[in-house]
Every structure is written in structure tokens, then in C-alpha cells.
Amino acid sequence: MKSKIIVGNQKMLMGYKDVKNFVDNFKYKKDVIIIPSDIYVSYYLENGYNVGIQNISKYELGSYTGSVSALQAKSMKIKYALVGHSELNENPHIINLKIKQCIKNDIKVILCVSETMKNKNSVNELKNQILDLLEDVKNFKKIIIAYEPVYSIGTGYISDINYINNIIKNNITLTINTTRLSYEASHNVG
């Protein structure tokens with residue numbers, strides 16, 4: 001059985017004092033992948049954390065203000081990239097290009113897949129989504145699938161554990177059987 005992974009996406013929720021306090025007091029830095037705002041990535045790296053980046057460009061290099069390429073992330077020793085988060089509302093083709101850039105640059109992809117409340121019980125929605133996102137991708141060992149239903153983001157709603165297990169077993173695992181999986185639960189700070 002593969003080891004469990006815990007990913008903490010800090011989104012855009014922390015200022016410098018909060019980040020410093022977290023870095024100084026969090027005891028599990030080797031057991032968790034922290035995905036901070038880009039501005040704090042080097043700070044976490046300097047303090048020995050496993051770090052991911054919140055988004056990655058579909059381009060290797062170029063004049064794309066505000067973007068970070070997989071090549072740049074690799075040069076900073078970043079090992080993970082969050083790709084396809086529902087908040088970014090990207091089309092499957094763009095997500096697919098980002099996945100390929102990550103794999104090309106030896107960065108593990110944390111691929112976000114989701115469903116809406118309207119499509120909650122649709123048997124093929126997640127399968128089709130995953131197949132679209134991973135079209136022509138050859139190396140599934142670099143991909144971690146993170147399942148977070150859109151209707152759970154920021155609402156405090158968490159699906160029943162039996163439903164989650166069914167989704168993972170019947171929709172995700174059967175589609176890509178060499179990939180690690182996680183369930184993302186949303187947490188509001190405050």
C-alpha cells in the first residue's frame with residue numbers, strides 16, 4: 001500500500017507573520033506538502049519543507065506576466081504543482097498542457113478533479129474528466145489525483161465517507177490504476 005500524503009494548500013490566506021508563525025511552529029514539515037502563495041515558496045524551502053506551487057504555466061518560458069513555468073519551479077527544487085483547481089476555471093486542454101510541462105520537468109502533479117452537485121451521481125463524469133485531462137499523458141506515476149467536489153469548497157459540506165470511497169474505487173481507480181489519490185476537504189479560516 002502506498003504511503004498517505006497530506007497536502008496543505010494555503011491559498012492566499014496568510015500574511016508574512018502568519019507564515020513565519022506556521023514555519024516556526026509546525027512540527028511535521030517532512031510529512032506534509034505545503035502549497036503556499038508563490039511569494040512564500042522560497043521561505044518554506046529554506047526551512048526544509050516539502051513544497052508545491054499553486055499553479056503552473058502551460059508554457060516552458062516566455063513573456064507571461066505573473067506565470068511560473070515548470071522549468072522555473074524545477075530550478076527552485078519545487079517537487080509538486082497543483083494543476084486544474086476548480087477556482088481557476090481552466091479548460092481541459094490547458095490543464096493537459098500544464099500536466100505535460102510538469103512531467104517533462106520532473107514535477108509531480110497534484111491534479112484536481114471535481115464534480116458539481118448537479119452531476120454528483122453521474123457515473124461517467126469523473127472518468128471522462130480524468131481521461132480528457134490525461135489525454136496523451138504517458139507517465140501516470142507523476143500524478144496524484146485530488147478529488148474535491150465543487151460543492152464542498154468553502155461550504156463546510158463534506159460528502160459521506162461511503163460516497164467518497166465509491167467515487168475513488170469506481171470512478172477514479174478504475175480509470176487510472178497507477179495513480180495516488182486524495183480527498184480534499186475544504187476549511188475556512190476564521
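Quick caveat: nothing in here was measured; it's all calculated off a predicted structure. (Residues numbered from 1 in each chain as written. Predicted model: local features only at pLDDT ≥ 70, side-chain atom pairs only at ≥ 80, totals over all residues. Heavy atoms only, no water.)

Quick look at the pairing of strand S1 (residues 6-9) now. Pairing analysis gives four bridges linking S1 to strand S2 (residues 32-35), with the strands arranged parallel. Across the sheet, Gly-8 pairs through a bridge with Ile-34, a residue of S2. Between the parallel elements S1 and S2, the chain passes through helix H1 (residues 16-25) in a crossover that is right-handed. (Pairing = 2+ DSSP bridges. Helix = DSSP H or I, 4+ residues; strand = E, 2+ residues; numbered from the N terminus. Right-handed = clockwise from strand over helix to strand, strands pointing away.)

This paragraph deals with the pairing of strand S3 (residues 50-53). Note that S2 and S3 share two bridges and pair parallel. Note on S3: the bridge partner recorded for Ile-34 is Val-51. The β-α-β motif built from S2, the intervening helix H2 (residues 41-46) and the parallel element S3 has right-handed crossover chirality. Across two bridges, the pairing between S3 and strand S4 (residues 80-83) is parallel. When the sheet's bridge partners are listed, Gly-52 is paired in S4 with Tyr-80. Handedness of the crossover joining S3 and S4 through helix H3 (residues 70-75): right-handed.

On to a positive patch on the surface, then. Positive charge collects at one region of the surface, where Lys-29, Lys-30, Lys-79 and Lys-108 lie side by side. Tracing the backbone shows Lys-29 in the loop between H1 and S2. (Patch = residues over 30% accessible without salt bridge, like charges linked within 9 Å, V, L, I, M, F, W, Y side chains within 5 Å. Areas by Shrake-Rupley, 256 points an atom, 1.4 Å probe, with all protein chains shown as cover. Salt bridge = Lys/Arg side-chain N within 4 Å of Asp/Glu carboxyl O. Lys, Arg positive; Asp, Glu negative; His and termini not counted. Charge placed at Lys NZ, Arg CZ, Asp CG, Glu CD.)

This part is about the pattern of salt bridges. Throughout the structure, instances matching the rule amount to five salt bridges. Among the salt bridges present, the one from Glu-87 reaches Lys-11, with a minimum N-O distance of 2.6 Å. Highlighted residues: Glu-87 in the loop between S4 and helix H4 (92-104) and Lys-11 in the loop between S1 and H1, separated in sequence by 76 residues. Judged by its relative accessible area of 25%, Lys-11 is partly exposed. Measuring nitrogen to oxygen at the nearest pair gives 2.3 Å for the salt bridge that ties Glu-90 to Lys-98. On the basis of relative accessibility, which here comes to 4%, the residue Lys-98 falls in the buried class. (Buried < 20%, exposed > 50% of the residue type's maximum accessible area, 1.4 Å probe, protein only.)

The backbone of Lys-11 sits at a positive phi, close to 50°, despite the residue not being glycine. Here the phi dihedral of Asn-89 falls at roughly 55°; this positive angle occurs in a residue that is not glycine. Among the residues examined, Asn-89 registers a relative accessible area of 68% and is labelled exposed.

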